[in-house]
Amino acid sequence: AAEPLGDGAVLLRGRAGADAGALLAAIEAIAAVAPFRQFTTPGGREMSVAMTNAGVAGWVSDRAGYRYQGEDPLTGRPWPAMPAPFAALAREAAAEAGFAGFAPDVCLINRYRPGTKLSLHQDRDEADLGHPIVSVSLGLPATFQFGGLARTDPVRKVPLVHGDIVVWGGPARLAYHGILTLKAGEHPATGPLRYNLTFRRSG
Ligand code: MD3
Ligand code: FE
């Protein structure tokens, strides 16, 4: 069931539930090649969320800025390929949300431990903001917040749980959003962790 969260934002509650085991196994295989690491922001702060990528490029951050690049800065090697079932799930979810034809070329994977958060930000490092972003939540629940096109716009809070997919496109594509500090817990599939996958078209 597709639940509109706002103009261009659609929540597919539990949509990835049946694929969760396969997604978690793929995350483990990706992280064996491209380990989770905490990036430094251009301002010099270490991010609390750990990240890795799969696909033709990966999102990275360091003192020089945010960007997509073809090699993992940790290893100097290409990022692991995006598993075909990942791309298929993202494509189907996007179509169900009204964005037919989405063909992601990268998957950014975020790993949250209790106490970590992702501050309010926009995703604007992709070449063509006409493509949507598909997000998949796995493991511990989190509170997602999203606002408007200005950082100071009021935010709405939405709980995201294991298996939820959210699709962001059109007028929602540049909405400010973030994840509140993760609460401690145990999830049967991930233990003390939350993962979020975001499927994007980088270039
Ligand atoms: C709204 N991830 O990786 S997913 C990110 O749960 C990110 O890890 C969060 O924000 C997480 O950049 C939130 C939901 C999400 C993802 C991308 C968006 C919402 C979005 C892009 C535009 C607008
Ligand atoms: Fe984001």
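Definitions and cut-offs
Residues numbered from 1 in each chain as written. Chains lettered and ligands numbered in written order. Predicted model: local features only at pLDDT ≥ 70, side-chain atom pairs only at ≥ 80, totals over all residues. Helix = DSSP H or I, 4+ residues; strand = E, 2+ residues; numbered from the N terminus. Rg over C-alpha atoms; globule rule 2.2 N^0.38 Å. Contact = placed C-beta atoms within 7 Å. UniProt positions renumbered as here; feature names shortened; annotations may be inferred. Pairing = 2+ DSSP bridges. Axes fitted to C-alpha atoms, helices over the stretch in contact; angles between N-to-C directions.

Draft legend 1. Spatial organisation of the overall build of the protein. In terms of regular secondary structure, the protein is built from two helices and 13 strands. On C-alpha atoms alone, the protein measures out to a radius of gyration of 16 Å, which is about the 17 Å that the 2.2 N^0.38 rule sets for 203 residues. Summarising its shape, the C-alpha atoms of the protein cover approximately 40 × 35 × 35 Å along the three principal directions. Sequence separation of 24 or more characterises 74% of the internal contacts of the protein that already satisfy a separation of 6 or more.

Draft legend 2. Inspection of the UniProt feature "domain: Fe2OG dioxygenase" (unreviewed entry) in the protein at higher detail. The sites that UniProt annotates as "domain: Fe2OG dioxygenase" (unreviewed entry) are residues 103-203. Between the first and last C-alpha atoms of residues 103-203 the distance is 11 Å; the span itself is 0% helix and 42% strand.

Draft legend 3. Representation of the sheet that holds strand 3 (residues 50-55) in the model. Read across the sheet, seven strands follow the order 1-2-11-8-13-6-3 without closing on themselves; strand pairing throughout is antiparallel. Whereas interior strands pair on both sides, the edge strands pair on one side only; in this sheet they are strand 1 (2-6) and strand 3. With direction set aside, neighbouring strand axes in the sheet form an average angle of 20 degrees. Where strand 8 (residues 133-139) and strand 11 (residues 165-168) come together, four bridges link them in antiparallel fashion. Looking across to strand 11, one finds that I133 is bridged to W168.

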